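Okay, here's what each chain looks like letter by letter:
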Amino acid sequence: MEIFGTHQHRIIHGDALQALQTLVPDHSVDLVFADPPYNIGKCFSGHIEKWNTEEAYLHWCYQWLDLCLQKLKPHGSLYVMTATQFMPYFDIYLRHKINILSRIVWNYDSSGVQAKKYFGSMYEPILYAVKDKQHYTFNAADILIEAKTGARRKLIDYRKAIPAIYNTQKVPGNVWDFSRVRYRMNEYENHPTQKPVALLERIIRASSHKGDTILDPFSGTFTTCAVARQLGRNSIGIELQEEYVKIGLRRLQLAEEYKGEKLQRQRRSFETDSIA
Ligand SMILES: C[S@@+](CC[C@H](N)C(=O)[O-])C[C@H]1O[C@@H](n2cnc3c(N)ncnc32)[C@H](O)[C@@H]1O
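Residues numbered from 1 in each chain as written. Predicted model: local features only at pLDDT ≥ 70, side-chain atom pairs only at ≥ 80, totals over all residues. Heavy atoms only, no water.

A few points about the site of the ligand
Right, so step 1: Neighbouring the ligand are 22 residues; Asp15, Asp35, Thr221, Thr223 and Glu239 lie closest to it.
Right, so step 2: The backbone of Ala16 places a nitrogen or oxygen atom 2.8 Å from a nitrogen atom of the ligand.
Right, so step 3: Within the side chain of Thr221, one N or O atom sits 2.6 Å away from an oxygen atom of the ligand.
Right, so step 4: Burial of the ligand by the protein chains amounts to 96% of its free accessible area of 610 Å².
Right, so step 5: Class assignment for the residues of the shell around the ligand results in nine nonpolar, nine polar and four charged. (Near = heavy atom within 4 Å. Polar contact = N/O pair within 3.5 Å; in protein donor to acceptor, adjacent residues only side chain to side chain. Areas by Shrake-Rupley, 256 points an atom, 1.4 Å probe, with all protein chains shown as cover. Nonpolar A, V, L, I, M, F, W, Y, C, P; charged D, E, K, R; others polar.)

Here you go:
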């Protein structure tokens, strides 16, 4: 295993299980975002991710899920993704260990290949959970979005002492619409399952404060770490493939250069949200 980056942003080139066991202290992390291989045969830098059996995949996942919980602080939060067919297992496994607060659907526009004989998949599930449901970080004011009312003009609340325009901002519901990262987008990197900046921005703004530490055990293109840096959080990213570690080093550099400004531009152009 090799470690790169700075004290605030550590990039670990190695296996997640090994790195979590040896390099990340217990109870040291405020937020975990885990986006593992989904066991659907994707090719990561020449390595096909496919386990011999579903049981073997789940057994591996339960090991790193346990380690992630061990690394979280008592008031920490976890967001975890996997393929739709495996999420029910994650849900049942985790609900006895941590408080699941939301079952989020990341809904996106169709992929290139259109299903013709069944209903094609247009979403990926995200489980959001907290260790202590009486005490956790949720910065509602930092993730407000415009509610789509369908009205042409702003509605006025006449019940107020002085009638005023209704507040049309709201906390997003559990269906999130963000475009997938496509080849032509500014943020695109050479990786088959890169997650959008806007998705990570919402998660990090909601569930961490400036100076907090965010852990991503399957960093891929290091979207989590780059957004964390832009938002003034610290990060630890782990990735097995050297090619992606190099991308991560570049993205962290870019994140420093563009602090603030780039995120806002991307959010304006890519984010929409369904009516809750
Ligand atoms: C779904 S992708 C993560 C994508 C990432 N969220 C992004 O925005 O780019 C999963 C990543 O896990 C990496 N990976 C697979 N097995 C791993 C392991 N045992 N330890 C660490 N990383 C691993 C893969 O190389 C791949 O880049």
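From this point on, the discussion continues.
Comments concerning helix α3 (residues 87-94)
Right, so step 1: Listed as buried for α3 are Met87, Phe90, Asp91, Tyr93 and Leu94.
Right, so step 2: The elements touched by buried residues of α3 are α2 (54-71), β6 (72-81), β7 (99-107) and β8 (123-130). (Buried < 20%, exposed > 50% of the residue type's maximum accessible area, 1.4 Å probe, protein only. Helix = DSSP H or I, 4+ residues; strand = E, 2+ residues; numbered from the N terminus. Contact = heavy atoms within 4.5 Å.)

Details of helix α6 (residues 242-257)
Right, so step 1: Taking 1.5 Å of rise per residue, 16 residues should cover 22 Å, and α6 covers 23 Å from first to last C-alpha, within 8% of that figure.
Right, so step 2: Within α6, burial applies to Tyr244, Val245, Ile247, Gly248, Arg251, Leu252 and Ala255. The arc that holds the buried residues of α6, viewed along the axis, is 155°, so those residues lie on one side. In this structure, α6 carries Lys246, Gln253 and Glu257 as exposed residues pointing more than 90 degrees from its buried face. (Expected span 1.5 Å × (residues − 1). Arc of directions from axis to C-beta.)

Brief notes about the packing of aromatic side chains
Right, so step 1: What the rule picks out here adds up to 14 aromatic pairs.
Right, so step 2: Considering the side-chain rings of Tyr79 and Tyr128, the 4.6 Å spacing of their centres and the 20° angle between planes classify their relative orientation as stacked. Residue Tyr79 is located in strand β6, and its partner Tyr128 is located in strand β8; the two are separated by 49 residues in the primary sequence. In terms of burial, Tyr79 and Tyr128 fall into one category: buried. (Phe/Tyr/Trp six-rings, centres within 6.5 Å; stacked < 30°, edge-to-face > 60°.)

Structural notes on the pattern of salt bridges
Right, so step 1: Tallied over the entire structure, the rule returns 13 salt bridges.
Right, so step 2: One salt bridge connects Asp30 with Lys73, and the closest N-O pair in it is separated by 3.1 Å. Here Lys73 lies in strand β6 and Asp30 lies in strand β3 (residues 29-34), a separation of 43 residues in the sequence.
Right, so step 3: Overall, the relative accessible area of 14% leaves Asp30 in the buried class. (Salt bridge = Lys/Arg side-chain N within 4 Å of Asp/Glu carboxyl O.)

Describing the packing of helix α4 (residues 197-207) against helix α5 (residues 223-230)
Angle between the axes and distance between the axes: these two values describe a pair of packed helices.
Right, so step 1: Look at α4 against α5: their axes get within 9 Å of each other, and the N-to-C directions meet at 55°. When the interaxial angle is binned, α4 and α5 end up oblique. Two packed elements cross with a definite hand, and for α4 against α5 that hand is right-handed. On α5, the residues touching Val197, Leu200, Glu201 and Ile204 of α4 are Thr223, Thr224, Val227 and Ala228.
Right, so step 2: Class assignment for the residues of the contact of α4 with α5 results in five nonpolar, two polar and one charged. (Axes fitted to C-alpha atoms, helices over the stretch in contact; angles between N-to-C directions. Parallel < 35°, antiparallel > 145°, perpendicular 65-115°, else oblique. Left-handed = near helix turned anticlockwise from the far one by under 90°.)

Considering the side chain of Thr137
Right, so step 1: Of note, Thr137 is situated in the loop between β8 and β9 (145-146).
Right, so step 2: Of note is the side chain of Thr137, whose polar atom sits 3.5 Å from the side chain of His209.
Right, so step 3: Not counting residues within four places of it along the chain, the set of residues in contact with Thr137 comprises His75, Ser77, Tyr128, Ala206, Ser207, Ser208 and His209.

A short note on the nonpolar core
Buried together is how nonpolar side chains tend to be arranged in soluble globular proteins.
Right, so step 1: The biggest cluster of nonpolar side chains holds 60 residues, and the ones touching the most others in it are Trp64, Tyr79, Val80, Phe90 and Leu94.
Right, so step 2: Element by element, the count of residues in this core is highest for α2, at nine residues.
Right, so step 3: Each residue touching Phe90, except ones within four places of it in the same chain, is listed here: Tyr57, Leu58, Cys61, Trp64, Leu65, Val80, Met81, Thr82 and Leu127. (Core = buried A, V, L, I, M, F, W, Y, C linked by side-chain atoms within 4.5 Å.)

Overview of the confidence of the model for the protein chain
Interpretation of the predicted coordinates at a detailed level should be avoided for regions scoring low in pLDDT.
Right, so step 1: Overall, the prediction assigns the protein chain a mean pLDDT of 91, with 92% of residues at 70 or greater.
Right, so step 2: Scored below 50 in pLDDT, residues 266-276 shows 32 contacts in the model against residues more than four places distant or in partner chains. (pLDDT = per-residue confidence, 0-100.)

Topic: unusual backbone geometry
Right, so step 1: Positive phi is not limited to glycine here, since Ser45 has a value of about 50°.
Right, so step 2: Its place among the elements puts Ser45 in the loop between β4 (43-44) and β5 (47-48).
Right, so step 3: What makes Ser45 partly exposed here is its relative accessible area of 29%.

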